[in-house]
Amino acid sequence: MNWLQKLSQSTKAKPMALPFDLPEESYTGTSNIDNQMTDSTAREEQLRHNPEYLGSGSMGVVGLTDKGIAVKYTDVGGEAALAEQFMNDYVPCIPKIFEVRQIQTNPSLWSIAMEQVKLLPDNRETNIIVFLLEELLGPRSVVSREDKNKYKKEIKRLIKRYPYLKKLAADYRNMMDCLKSSEIDPWDINHTNIGYDQNGNLVLFDLGLSSLI
Ligand SMILES: Nc1ncnc2c1ncn2[C@@H]1O[C@H](COP(=O)(O)OP(=O)(O)O)[C@@H](O)[C@H]1O
Ligand SMILES: [Mg+2]
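As the structure is a prediction and not an experimental result, all values here were calculated from the model.

Notes on the site of ligand 1
Working step 1: Near ligand 1, the surroundings consist of 21 residues, among which Gly29, Gly55, Gly57, Ala70 and Asp206 are the closest.
Working step 2: Every element with two or more residues in the shell around ligand 1 is listed here: strand 1 (52-56) and strand 3 (69-74).
Working step 3: Of all the elements, strand 1 adds the most residues to the shell around ligand 1, at 3 residues.
Working step 4: For the shell around ligand 1, the residue count by class is 9 nonpolar, 10 polar and 2 charged.
Working step 5: Residue-level mapping places the shell around ligand 1 at the junction of two domains, with at least three residues from each of domain 1 (13-116) and domain 2 (124-212).

Here is the structure:
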């Protein structure tokens, strides 16, 4: 790198207020949060957590601290409230939550510090089976009985072809039972929002649209 490039990089204004640098590609959650986060909040978060970018979805953005903790930034008050509830009342289908904090008012933003989970492999068969399971078992399923039978057959076929999916399907059922008995009405269960926690439980880590029954 020549001195001119170096100089231009070192003086380049950080385009975003978020407390970490972003990869080239990220989802809309980054701009949603960035548009609302002030520079001073971003600086405070940098001092507090010094996070690196971990991921984003359509609503929020998540950083990873040097202690290996995932910190989600959200503008959804209901998500923060739900996280707070399950921080005090641990259930095995939600990641362990360490801290929920309102980091800014007007506009309101919260941080949710939680354990880092292992994401599902991003391949076609995993994405399809999670989709089919959600259509079969999700609380908002609108699939006809006929189609349910088709879906069940397709799940069987996938498991036969990719035997490792058998465990995922069983874990998914357990997670749904746990969410139900914890009185969580889950929204938005899909392959980008679930993963395995440190105890090997399949957990829903994105509580963005969920609520209590
Ligand atoms: N606890 C976590 N451990 C590991 N990765 C996470 C965790 N929380 C979020 N992520 C990553 O960040 C992405 C966005 O987080 P998510 O909570 O789904 O935000 P959104 O509400 O915008 O969908 C996830 O799809 C995942 O890749
Ligand atoms: Mg998500």
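What to know about the domain arrangement of the protein
Working step 1: In terms of domain boundaries, the protein breaks down into domain 1 (13-116) and domain 2 (124-212).
Working step 2: Here the C-alpha centroids of domain 1 and domain 2 sit 25 Å apart.
Working step 3: Taken together, the 17 residues of domain 1 in the interface contact 17 residues of domain 2.
Working step 4: Its residues placed into classes, the side of domain 1 that touches domain 2 shows 10 nonpolar, 4 polar and 3 charged.

As for helix 4 (residues 77-88)
Working step 1: Here helix 4 is 12 residues long and its end C-alpha atoms lie 17 Å apart, about the 16 Å a rise of 1.5 Å per residue gives.
Working step 2: Of the residues making up helix 4, those classed as buried are Glu79, Ala80, Leu82, Ala83 and Phe86. Summarising the axial view, the buried residues of helix 4 lie within an arc of 165°, below the 170-degree limit, and thus occupy one face. Every exposed residue of helix 4 that faces more than 90 degrees away from the buried side is listed here: Gly77 and Asn88.

Here's the deal with the sheet that holds strand 8 (residues 194-196)
Working step 1: Read across the sheet, 3 strands follow the order 6-8-9 without closing on themselves; strand pairing throughout is antiparallel. The open sheet is flanked by strand 6 (118-119) and strand 9 (202-204), the only strands paired with a single partner.
Working step 2: Sheet analysis places strand 6 next to strand 8, joined by 2 bridges and oriented antiparallel. When the bridges of strand 8 are listed, lysine 118 appears paired with tyrosine 196.

Some remarks on the packing of helix 6 (residues 145-161) against helix 7 (residues 165-181)
Working step 1: Interhelical geometry of helix 6 versus helix 7 gives an angle of 135° and a closest axis separation of 8 Å. Our classification of the angle between helix 6 and helix 7 gives oblique. Residues Ile155, Leu158 and Ile159 of helix 6 pack against Leu165, Lys166 and Ala169 of helix 7.

Some details on the sheet that holds strand 3
Working step 1: Spatially, 1-2-3-5-4 is the arrangement adopted by the 5 strands of the open sheet, whose pairing is antiparallel. In this open sheet, the two edge strands, each paired with only one partner strand, are strand 1 and strand 4 (97-104). Each neighbouring strand pair of the sheet contributes to a mean axis angle of 25°, computed without reference to strand direction.
Working step 2: Both strand 4 and strand 5 (residues 109-115) contribute to a ladder of 6 bridges, which runs antiparallel. Of the residues in strand 5, the one forming a bridge with arginine 101 is serine 111.
Working step 3: Helix 2 (residues 28-36) contacts strand 1, strand 2 (61-64), strand 3 and strand 5 of the sheet and is inclined by roughly 85° relative to strand 2.

A closer look at the packing of helix 5 (residues 124-137) against helix 7
Working step 1: Following both chains from N to C, one finds helix 5 and helix 7 inclined at 35°, their axes separated by 11 Å at the closest point. You can see that helix 5 and helix 7 cross each other, and the crossing is right-handed. Between helix 5 and helix 7, the contacting residues are Glu125, Thr126, Ile129, Leu133 and Leu137 on the first element and Leu165, Leu168, Ala169, Tyr172, Arg173 and Met176 on the second.
Working step 2: Of the residues belonging to the contact of helix 5 with helix 7, the class tally is 8 nonpolar, 1 polar and 2 charged.

Conventions used here
Residues numbered from 1 in each chain as written. Chains lettered and ligands numbered in written order. Predicted model: local features only at pLDDT ≥ 70, side-chain atom pairs only at ≥ 80, totals over all residues. Near = placed C-beta within 6 Å. Helix = DSSP H or I, 4+ residues; strand = E, 2+ residues; numbered from the N terminus. Nonpolar A, V, L, I, M, F, W, Y, C, P; charged D, E, K, R; others polar. Domains from an automatic or database assignment. Contact = placed C-beta atoms within 7 Å. Expected span 1.5 Å × (residues − 1). Buried ≥ 20, exposed ≤ 12 C-beta atoms within 10 Å, placed from the backbone. Arc of directions from axis to C-beta. Pairing = 2+ DSSP bridges. Axes fitted to C-alpha atoms, helices over the stretch in contact; angles between N-to-C directions. Parallel < 35°, antiparallel > 145°, perpendicular 65-115°, else oblique. Left-handed = near helix turned anticlockwise from the far one by under 90°.

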